[in-house]
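Single-letter residue listing:
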2 protein chains.
Amino acid sequence: MTDLVEIREVGLRDGLQLVKEVLATEVKLEWCRLQADCNFREMEVTSFVPPSVIPQFADSAEVLAGARTIKDMRAAVLVPNLKWGLRALDHGAEKITFVLSVSERHNQANVRRSTDQSISEFAQLVKERDSRGSKSSVALSAAMATTFGCCFEGDVAESRVYQVVEEVLKAGCDELNMCDTVGFGNPVQVKRMLSEILKQAGEIPVAAHFHDTRGMGLANAVAAVEAGVRRFDSSLGGLGGCPFATGASGNIATEDCVYLMENLGLTTGVDLGGMLAVRAKMDQWLPNEPLEGKLLRAGAATNFRGN
Amino acid sequence: MTDLVEIREVGLRDGLQLVKEVLATEVKLEWCRLQADCNFREMEVTSFVPPSVIPQFADSAEVLAGARTIKDMRAAVLVPNLKWGLRALDHGAEKITFVLSVSERHNQANVRRSTDQSISEFAQLVKERDSRGSKSSVALSAAMATTFGCCFEGDVAESRVYQVVEEVLKAGCDELNMCDTVGFGNPVQVKRMLSEILKQAGEIPVAAHFHDTRGMGLANAVAAVEAGVRRFDSSLGGLGGCPFATGASGNIATEDCVYLMENLGLTTGVDLGGMLAVRAKMDQWLPNEPLEGKLLRAGAATNFRGN
């Protein structure tokens, strides 16, 4: 198994989606550029969603256009349905993360349709992308929210998770992204479920997306590594949350995730010092947001051998 | 292997040792009583150290005397050498944690003697305890600081760790407590080393003590569980640090550790809601201390099946 691991920054999307103060487009693009300079090869830079729902993303087309010009950095965007997925295709997204929740109630609350309807729209998006001749240039990822539990429904049946995985694989996804949207997952469950999903996925890569809502985010990431996952979403400073999860804190912090992975003997390629400098800038960009993450304060251990 | 796990509260010792504002003796004892009511069966309630070095612990004899009266709660104290170990015996400590660092420079900085000298004093303390007829009533734990790395020396040779383990086992310790004092450990290392140490220890229990300095505290605890460890130190609200480690944050947070263990399918016996109520009181007791830990804010997941 490879010792390369891809850390995908989602701070500009998952991180910002609950931030009330709208960050200027130019600052968003500065963040993108600076983090790309630290060898982040993919960033989810915005959401294509109705601006009335999330004003923070009213500039999504401009952010995507700017991010596309950054060398060696794949500009991904999140979409909630087919309509916005087509817009993302129109605007030249290099990767589209299509979010759907395994649990019905979360999917209804988040994107106002049934899970089956979301799967069907995802399948249509794949066909549309292919018919435009963009199969090789635009990756379509199925982000499966509430894979490890749901704030509305509690347990989510594992059999249903595997069924939805089968269906999005059949629809032609280029990646599965298994999301612990509300921080219900634990390492035993994560290892068991991701081992199963990796088997289902075969050659299709499986990513994992953890929130640190109850402190288990990095422990879950270790469990995912042990299962064989080598792609992780994270958010610089742990920015983020879920609009439906009480007290939800954000994604696992990128800086702590990178440091963890390097300590596990994996290679992220990330420039650690450069990344911490970007993280420090966030305090100026978002002075009113409480940020998480330990590494900025503590620094790397003196015997750290990574980047 | 048992599914029972003991969570030992060290907030009153490791947590308070860097807190400048001296907490009133009565408040310390209220903390003890409240947490014992939540089924914590052992707490490290103070340090027996020179008051000139740590004024916070000038009331150690009073705190120990008060804590001893709490039913079904073992009152442990930390000591830095033989002299203070004898005082702890004199004052009726129910368990003594004797701290020594595997790395020479940390031991010199912390207790001003060589590691071998510390081991020798620990052996003398065992003999003295036995000669007083207290073998069955006073447990002696060897707390091995810098087991997983040292802020002064960087790497600590694993062979040296195992050698010190052998020597304190030979000296007659009742428990080994392997400490990641400065937050240098990682899950791969923790699992490898603790598996080895558990073999060395045989029937003698092995505890683990992690700091969350670089965000890996709970991931290290999972690794320790996988190795077979069933005793953990933690500090309510993640209070604590190390005087020699830059930016050191505290121990793993008790509330998050208990919640993790229950999620792993282990049983702590702890009353989760009661514990969170004690944690909430810390904001009044220590209004100027930044506290960590996620569970107070997020609450247990709606599908949580533990206590």
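None of the values given here were measured: they were computed from a predicted structure.

1. Overview of the overall build of chain A
Part 1 of the argument: Looking only at helices and strands, chain A has 12 helices and eight strands in total.
Part 2 of the argument: Against the compact-globule benchmark of 19 Å for 307 residues, chain A has a radius of gyration of 18 Å, which places it among compact chains.
Part 3 of the argument: Each principal axis of the C-alpha atoms in chain A carries an extent, and together these give about 50 × 40 × 35 Å.
Part 4 of the argument: Per-residue burial over chain A gives 55% buried out of 307 residues.

2. A look at the relation of the copies chain A and chain B
Part 1 of the argument: For the pair chain A and chain B, the relating rotation is 180°, the translation along its axis is 0.0 Å, and the fit reaches an RMSD of 0.0 Å. The transformation relating the two chain copies, once decomposed into turn and shift, fits a two-fold axis. Rotation axis and chain A: the residue whose C-alpha lies nearest the axis is Ala219 of chain A, separated from it by 2.0 Å.
Part 2 of the argument: Both copies present the same face, since 100% of the interface residues in chain A are matched by interface residues at the equivalent positions in chain B.

3. Thoughts on the environment of Ala208 of chain A
All names here are of chain A.
Part 1 of the argument: Structurally, Ala208 can be placed in strand E7 (residues 206-210).
Part 2 of the argument: Taking the number of C-beta atoms within 10 Å as the measure of exposure, Ala208 has 28 and is therefore buried.
Part 3 of the argument: Sequence-distant contacts of Ala208, defined by excluding residues within four places in its chain, comprise Met178, Leu194, Ala221, Ala224, Val229 and Phe232.

4. Comments concerning the confidence of the model for chain A
Part 1 of the argument: When pLDDT is averaged across chain A, the result is 96; 97% of the residues are at 70 or more.
Part 2 of the argument: Interface confidence for the predicted complex, expressed as ipTM, amounts to 0.95; the pTM equals 0.96.

5. Describing the packing of helix H8 (residues 187-201) of chain B against helix H9 (residues 217-227) of chain B
Residues and elements named next belong to chain B.
Part 1 of the argument: Between H8 and H9, the shortest axis-to-axis distance is 8 Å and the interhelical angle comes to 35°. Two packed elements cross with a definite hand, and for H8 against H9 that hand is right-handed. Across the interface between the two elements, Pro187, Val190, Lys191, Leu194, Ser195 and Leu198 from H8 touch Ala219, Asn220, Val222, Ala223, Ala224, Glu226 and Ala227 from H9.
Part 2 of the argument: Of the residues that constitute the contact of H8 with H9, the class distribution is nine nonpolar, two polar and two charged.

6. Some words on the interface of chain A and chain B
Part 1 of the argument: At the junction of the two partners, chain A supplies 37 residues and chain B supplies 37 residues.
Part 2 of the argument: Of all elements in the fold, only helix H8 (187-201), helix H9 (217-227), helix H10 (254-263) and helix H12 (295-298) of chain A reach the threshold of two or more residues within the side of chain A that touches chain B.
Part 3 of the argument: It is H10 of chain A that provides the largest number of residues to the side of chain A that touches chain B, a total of four residues.
Part 4 of the argument: Residue classes in the side of chain A that touches chain B are distributed as 16 nonpolar, 15 polar and six charged.

7. Structural notes on the nonpolar core
Part 1 of the argument: Core analysis: the largest hydrophobic core is formed by 188 residues, its most contacted members being Leu176 and Ala221 of chain A together with Leu176 and Ala221 of chain B.
Part 2 of the argument: Those residues within four positions of Ala221 of chain A in sequence are excluded, and the remaining contacts are Ala208, Phe210, Phe232, Ile252, Cys257 and Leu260 of chain A.

8. Quick notes on unusual backbone geometry
Residue and element names in this part refer to chain B.
Part 1 of the argument: Even without being a glycine, Asn39 presents a positive backbone phi close to 80°.
Part 2 of the argument: Summarising the element assignment, Asn39 is placed in the loop between helix H2 (25-37) and strand E2 (42-47).
Part 3 of the argument: Located in the positive-phi region is Asp72, a residue other than glycine, with phi close to 55°.
Part 4 of the argument: Along the chain, Asp72 turns up in the loop between helix H3 (60-68) and strand E3 (74-79).

9. Considering the pairing of strand E3 (residues 74-79) of chain A
For a regular strand, side chains alternate in direction, first toward one face of the sheet and then toward the other.
Residues and elements named next belong to chain A.
Part 1 of the argument: Taking burial as the measure, the six residues of E3 include five buried ones, the bulk of the element.
Part 2 of the argument: Here strand E2 (residues 42-47) pairs with E3 via five bridges, running parallel. The partner of Met43 across the bridge, within E3, is Ala75.
Part 3 of the argument: Between the parallel elements E2 and E3, the chain passes through helix H3 (residues 60-68) in a crossover that is right-handed.

10. Quick notes on the packing of helix H6 (residues 115-131) of chain B against helix H7 (residues 158-171) of chain B
All names here are of chain B.
Part 1 of the argument: With their axes 9 Å apart at the nearest point, H6 and H7 run at an angle of 20° to one another. Overall, the two elements H6 and H7 adopt an arrangement that is roughly parallel. In this structure, the crossing between H6 and H7 has a hand that is right-handed. Residues Thr115, Ile119, Phe122, Ala123 and Val126 of H6 form the contact with H7, whose own contacting residues are Val164, Glu167, Val168 and Ala171.
Part 2 of the argument: Classifying every residue of the contact of H6 with H7 gives seven nonpolar, one polar and one charged.

11. So, H9 of chain B
Part 1 of the argument: A large share of H9 of chain B lies buried, amounting to nine of its 11 residues.
Part 2 of the argument: Directly beyond the C-terminal end of H9 of chain B, a positive phi value near 120° is found at Gly228 of chain B.

12. Focus: the pairing of strand E6 (residues 175-180) of chain B
All names here are of chain B.
Part 1 of the argument: With respect to burial, E6 is a largely interior element, five of its six residues being buried.
Part 2 of the argument: Bridge count for strand E5 (residues 139-145) against E6 is four bridges, and the pairing is parallel. Its bridge partner lying in E6, Met144 is registered against Met178.
Part 3 of the argument: The parallel pair E5 and E6, bridged by H7, forms a crossover whose chirality is right-handed.
Part 4 of the argument: Direction of pairing for E6 relative to strand E7 (residues 206-210): parallel, over a ladder of five bridges.

13. Observations concerning the environment of Met282 of chain B
Residues and elements named next belong to chain B.
Part 1 of the argument: Checked against the element boundaries, Met282 lands in helix H11 (residues 272-285).
Part 2 of the argument: C-beta crowding within 10 Å serves as the criterion here: with 19 such atoms nearby, Met282 is assigned to the partly exposed category.
Part 3 of the argument: Residues Met282 and Ala171, 111 residues apart in the sequence, show an inter-C-alpha distance of 38 Å.
Part 4 of the argument: Not counting the four nearest positions on each side in its chain, Met282 is found in contact with Leu236, Gly237 and Leu291.

14. Side note on helix H5 (residues 104-111) of chain B
All names here are of chain B.
Part 1 of the argument: Those residues of H5 that fall on the buried side of the exposure criterion are His106, Asn107, Asn110 and Val111. Each buried residue of H5 lies within a common arc of 100° when the element is viewed along its axis, so the set occupies one face.
Part 2 of the argument: Those residues of H5 hidden inside the fold are in contact with strand E4 (95-101), H6 and E5.
Part 3 of the argument: Downstream of H5 by a residue or two, Arg112 has a phi angle that is positive, lying close to 55°.

Calculation criteria
Position numbers for residues count from 1 along each chain, tracking the sequence in the order it is written. Labels follow written order: the first chain is A, the first ligand is 1, and so on. Confidence filtering applies because this is a predicted model: local features only for residues at pLDDT of at least 70, side-chain atom pairs given and counted only at 80 or more, and all residues used for totals across whole chains, interfaces and linings. Helix and strand assignments come from DSSP, with helices taken as H or I runs of at least 4 residues and strands as E runs of at least 2, each series counted from the N terminus. Here the radius of gyration uses the C-alpha set of atoms, whereas the globule reference equals 2.2 Å times the residue count to the power 0.38. Every C-beta atom is placed from the backbone, and the number of other C-beta atoms within 10 Å of a residue's own sets its class: buried at 20 or more, exposed at 12 or fewer, partly exposed in between. To line up the copies, we fit them by least squares on C-alpha atoms, keeping just the residues with pLDDT of at least 70 in both. For the purpose of contact definition, each residue receives a C-beta atom placed from its backbone, and two residues are in contact when these atoms lie within 7 Å. How sure the predictor is of each residue is captured by pLDDT, a score from 0 to 100. To define axes, lines are fitted to C-alpha atoms, for helices over the stretch in contact only, and angles between the resulting N-to-C directions are given on a 0 to 180 degree scale. Crossing chirality is assigned from the near helix's rotation relative to the far helix, an anticlockwise turn below a right angle marking it left-handed and a clockwise turn marking it right-handed. Amino acids outside the nonpolar list (Ala, Val, Leu, Ile, Met, Phe, Trp, Tyr, Cys, Pro) and the charged list (Asp, Glu, Lys, Arg) are all regarded as polar, and Gly is one of them. The term nonpolar core refers to a group of buried residues, namely Ala, Val, Leu, Ile, Met, Phe, Trp, Tyr and Cys, whose C-beta atoms join them within 7 Å. Two strands qualify as a pair provided DSSP detects at least 2 bridges between them. The crossover handedness rule: strands pointing away from the viewer, path from first strand over the helix to second strand clockwise, crossover right-handed. Roughly parallel covers angles under 35 degrees, roughly antiparallel covers those over 145, roughly perpendicular covers 65 to 115, and oblique covers all other angles. Taken from the helix axis, the directions to the C-beta atoms give the arc we talk about.

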